[in-house]
Amino acid sequence: MRPLLRSSLLVLAMPSLAAAAEGGGKVDLLSPNGGVMFWTLLIFILLLVVLSRFAFKPLIAAVEARENALEAALASAKRDREEAAKLLAEQLANLEAARAEAQRFIAEGRATSEKLKLSMLEETKAAQQELLDRARRDIDGEKSRAIAELRREAVDLALAGAGKLIERNLDDAGNRKLVEDFLASIPATGAKK
Amino acid sequence: MSASRTLLLVASLLVAGVSVPMAAQDAHAPVEAVPGEPAPHTDIITPHITDSYFLEVPSLFPPFAKEVCIGRLVSEHECEALWKPVRIAGVVIDLSPTKHVVMMLFAAVLVSVVLIVAAQAHKRHTHAVGHPKGFAAGIEAMVLYMRNEVILPNVGHHGNGFVPFLLTMFFFILTANLLGLVPFGATATGNIAVTATLAIITFLVVEVAGMRAQGMGYLSTIFYWNTELPLYMRIPMFLIMSPVEMIGKLTKPFALAIRLFANMTAGHIVVLALIGLIFTFAGPISTAPFLMAVAIMMLELFVAFLQAFIFTLLASVFIGQIREAHH
């Protein structure tokens, strides 16, 4: 009980006790001391000069340098990305163009080959025809020449036969005329052309 | 390594918790206890929160703290100003160093060493690995947070010139606040002279920022001259509103000074009152004030950061306001 009473008294009487302890002098907290103000001013200004020169300047400079470096890195990364995207688009366009060209080449080649095939076929056919024609012409020529030859041979044979006949009846003009008539009666197949 | 450091911390805290009140009792020569009467009361709070010419330093012998006079020692427990007050422009100023001046100087040296070492390490690491490591990274995080989230958004465009001033303000106030929480320390920011000076510096910076940003338009932040009003209204409004504008200008630094001072002083009074209760109860019930003192001490640790942050934030806001005030 006693300590409790004592302490409550102490708390209640704090200001007056404080005054009493100072030998009756008032505790004056609110009147500023000019000397302390002067020292505060001096110390603060010195501190301001020292800190801004040797602490904050290098610190903030380093931080700003880092910030700038980061920003530059970000900007360059962005630039690189944009460049890459542009290159990619370009590449894709090139690829597309190349593919289209290849397609065109293939189509062109196909058309050309088709045309070539057709023309070659045509040519072959023509050549074949020509060969055929020539063979036919040759055959015809040979035939007419053979017929002519045959006819000359026949004439010679007939003449030889006739000569034999004539040897027997030289004046038998009636016989000769008979042979001549016979020969004329053979149709001239070789002279068809 | 970590365990031994923790042990050291606990030990120093224990020593501090015991030594501070004891030292205070020793220094202020309590009246001898008279049997039969209530024990005499010793004020441990006032010496702690007020300025003096005594400096408390650690000692090897019980009570592990002793007082060093940084003025002229008159008698064993009396210490006078080191120098005679000087008269500057009709104002008498006592320029003698006091406990709070020494603490401020200590805070300034401490914060300079810490920040410059961190900046050097930061530069070295940035060269070596491209990014800071360890303590330098922590300092960089704090500086960058204050700069990017607090100062630059509030100050407005082209606010880089204000960054060193506001950062210095932040780290100086923070260190001074924290020095009040360590054993043998004193809270320089619990002195109205210190906070008032910081507020006046802020006030000057704010006004100069306004002048530079607005030129002649700065006058409109002092004198209320609304050209949209007809003349017969404009003059009375000018007469009424101009004092309001001026008072508004002065209120801001006043609030800054009082806020910081009151927060620091109040917190220490509460902690000391609770510590006093531990010794007043002097029994098992002392556990309660002890736990409360620990809790308030942790709150004070938070408040030390918070008040430094608020001072800087409000200074940034004031600078930003005046720089883009209506033309």
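Residues numbered from 1 in each chain as written. Chains lettered and ligands numbered in written order. Predicted model: local features only at pLDDT ≥ 70, side-chain atom pairs only at ≥ 80, totals over all residues.

### Re the overall build of chain A
Rules: Runs of H or I in DSSP of at least four residues are treated as helices and runs of E of at least two as strands, each being numbered from the N terminus. Exposed residues have 12 or fewer other C-beta atoms within 10 Å of their own C-beta, buried residues have 20 or more, and partly exposed residues fall in between, where C-beta atoms are placed from the backbone.
Looking only at helices and strands, one finds four helices and zero strands in chain A. Along chain A, helices (α) and strands (β) appear in the sequence α-α-α-α when read from the amino end. Classification of the 193 residues of chain A by burial places 9% in the buried group.

### Thoughts on the overall build of chain B
The cut-off we apply is this: Once C-beta atoms are placed from the backbone, any two residues with those atoms within 7 Å are in contact.
Check the secondary structure of chain B and you find eight helices and six strands. Reading the helices (α) and strands (β) of chain B from amino to carboxyl end gives α-α-β-β-β-β-β-β-α-α-α-α-α-α. Taken over 327 residues, chain B has a buried fraction of 35%. Here the contacts in chain B between residues at least 6 apart in sequence split such that 61% fall between residues at least 24 apart.

### With respect to the interface of chain A and chain B
Stated precisely, the cut-off is as follows: Residues are grouped as follows: Ala, Val, Leu, Ile, Met, Phe, Trp, Tyr, Cys and Pro are nonpolar; Asp, Glu, Lys and Arg are charged; every other residue, Gly included, is polar.
With 39 residues of chain A at the interface, the matching set in chain B holds 52 residues. If you list the elements that add at least two residues to the side of chain A that touches chain B, you get helix 1 (2-12), helix 2 (14-21) and helix 3 (34-168) of chain A. By residue number, the principal contributor to the side of chain A that touches chain B is helix 3 of chain A, which donates 25 residues. Among the residues making up the side of chain A that touches chain B, the classes are represented as 30 nonpolar, six polar and three charged.

### Remarks on the confidence of the model for chain A
Residue and element names in this part refer to chain A. Threshold: Looking at any residue, its pLDDT shows the predictor's confidence there, from 0 to 100.
The predicted model of chain A averages 81 in pLDDT, with 80% of residues at 70 or higher. When mean pLDDT is compared element by element in chain A, helix 3 scores highest at 90, while helix 2 scores lowest at 43. Contacts of residues 7-24 to residues separated by more than four positions or lying in other chains number 22 contacts, the stretch itself having pLDDT below 50.

### Some points on the pairing of strand 3 (residues 72-75) of chain B
It is a general feature of regular strands that their side chains alternate between the two faces of the sheet. Residue and element names in this part refer to chain B. Which entries qualify depends on this criterion: Pairing between strands is defined by DSSP: at least two bridges between the two strands are required.
Pairing between strand 3 and strand 4 (residues 78-80): three bridges, direction antiparallel. Across the sheet, the residue bridging to serine 75 is glutamate 78, located in strand 4. Linkage of strand 3 to strand 4, two consecutive antiparallel strands, is achieved through a turn of two residues.

### Some details on unusual backbone geometry
For residues that are not glycine, phi is negative in most cases, and the peptide bond is trans in most cases. All names here are of chain B. Residues other than glycine seldom take positive phi values, yet histidine 158 does so here, at roughly 55°. The residue histidine 158 is located in the loop between helix 4 (134-155) and helix 5 (163-179) in this model. In this structure, alanine 282 takes a positive phi of about 45° despite not being glycine. Residue position: alanine 282 is located in the loop between helix 7 (231-281) and helix 8 (287-323). Looking at alanine 282, the number of C-beta atoms within 10 Å reads 12, which means it is exposed.

### Considerations on the environment of valine 163 of chain B
Residue and element names in this part refer to chain B. Looking at the element boundaries, valine 163 is found in helix 5. Overall, valine 163 belongs to the buried group, with 20 C-beta atoms counted inside 10 Å. Each C-alpha atom of the pair valine 163 and arginine 147 lies 6.5 Å from the other, and the pair is 16 residues apart in sequence.

### So, the nonpolar core
Worth spelling out the cut-off: Take the buried Ala, Val, Leu, Ile, Met, Phe, Trp, Tyr and Cys residues, join any whose C-beta atoms are within 7 Å, and the set you get is a nonpolar core.
Grouped together as the largest cluster of nonpolar side chains are 62 residues, with contacts concentrated most on Met104, Ala107, Leu166, Met169, Phe170, Phe172 and Ile173 of chain B. For this core, the secondary structure elements donating two or more residues are helix 3 of chain A together with helix 3 (99-128), helix 4, helix 5, helix 6 (192-214), helix 7 and helix 8 of chain B. Considering every element that reaches this core, the biggest residue donor is helix 5 of chain B, with 13 residues.

### Describing the pairing of strand 1 (residues 54-58) of chain B
Residue and element names in this part refer to chain B. The pairing of strand 1 with strand 2 (residues 65-69) spans five bridges and is antiparallel. Bridge assignment links proline 58 to a residue of strand 2, and that residue is alanine 65. Taking the residues between adjacent antiparallel strands as the criterion, strand 1 and strand 2 are bridged by six residues, where phenylalanine 64 takes a positive phi near 65°.

### Details of the confidence of the model for chain B
The predicted model of chain B has a mean per-residue pLDDT of 83, with 87% of residues at 70 or higher. Interface confidence for the predicted complex, expressed as ipTM, amounts to 0.82; the pTM equals 0.69.

### Some words on the packing of helix 3 of chain B against helix 4 of chain B
The relative placement of two packed helices comes down to the angle between their axes together with the axis-to-axis distance. All names here are of chain B. Counted only if it meets this: Interaxial angles span 0 to 180 degrees and are taken between N-to-C directions of axes, which are lines fitted to C-alpha atoms, for helices over the stretch in contact. An angle counts as roughly parallel when it lies under 35 degrees, as roughly antiparallel when it exceeds 145, as roughly perpendicular when it falls between 65 and 115, and as oblique in every other case.
Orientation of helix 3 relative to helix 4, taken along the N-to-C sense of each, is 110°, at an axis distance of 8 Å. When the axes of helix 3 and helix 4 are compared, the pair comes out roughly perpendicular. Touching Leu115, Ala118, Ala121, His122 and His125 of helix 3 are Phe135, Ala136, Ile139 and Glu140, all from helix 4. Each residue belonging to the contact of helix 3 with helix 4 can be placed in one class, and the counts come to six nonpolar, two polar and one charged.

### Here's the deal with helix 6 of chain B
Residue and element names in this part refer to chain B. Our working rule: The span expected for a helix works out to 1.5 Å for each residue beyond the first.
Across its 23 residues, helix 6 extends 32 Å between first and last C-alpha, which sits within 8% of the 33 Å expected from 1.5 Å per residue. Of the positions making up helix 6, those classed as buried are Ile192, Ala193, Val194, Thr195, Ala196, Thr197, Leu198, Ala199, Thr202, Val206, Ala209 and Gly210. Taken from the residues just after helix 6, glycine 215 is the one with a positive phi, measuring 65°.

### Points about the packing of helix 7 of chain B against helix 8 of chain B
All names here are of chain B. As a packed pair, helix 7 and helix 8 sit with axes 10 Å apart at the nearest point and diverge in direction by 175°. Between helix 7 and helix 8, the interaxial angle falls into the category roughly antiparallel. Its residues assigned to classes, the contact of helix 7 with helix 8 comprises 20 nonpolar, three polar and two charged.

### Examining the environment of glutamate 78 of chain B
Residue and element names in this part refer to chain B. Tracing the sequence through the fold places glutamate 78 in strand 4. The exposure class of glutamate 78 is exposed, given the 12 C-beta atoms found within 10 Å. Each C-alpha atom, one on glutamate 78 and one on tyrosine 53, is 8.9 Å from the other, the two residues being 25 residues apart in sequence.

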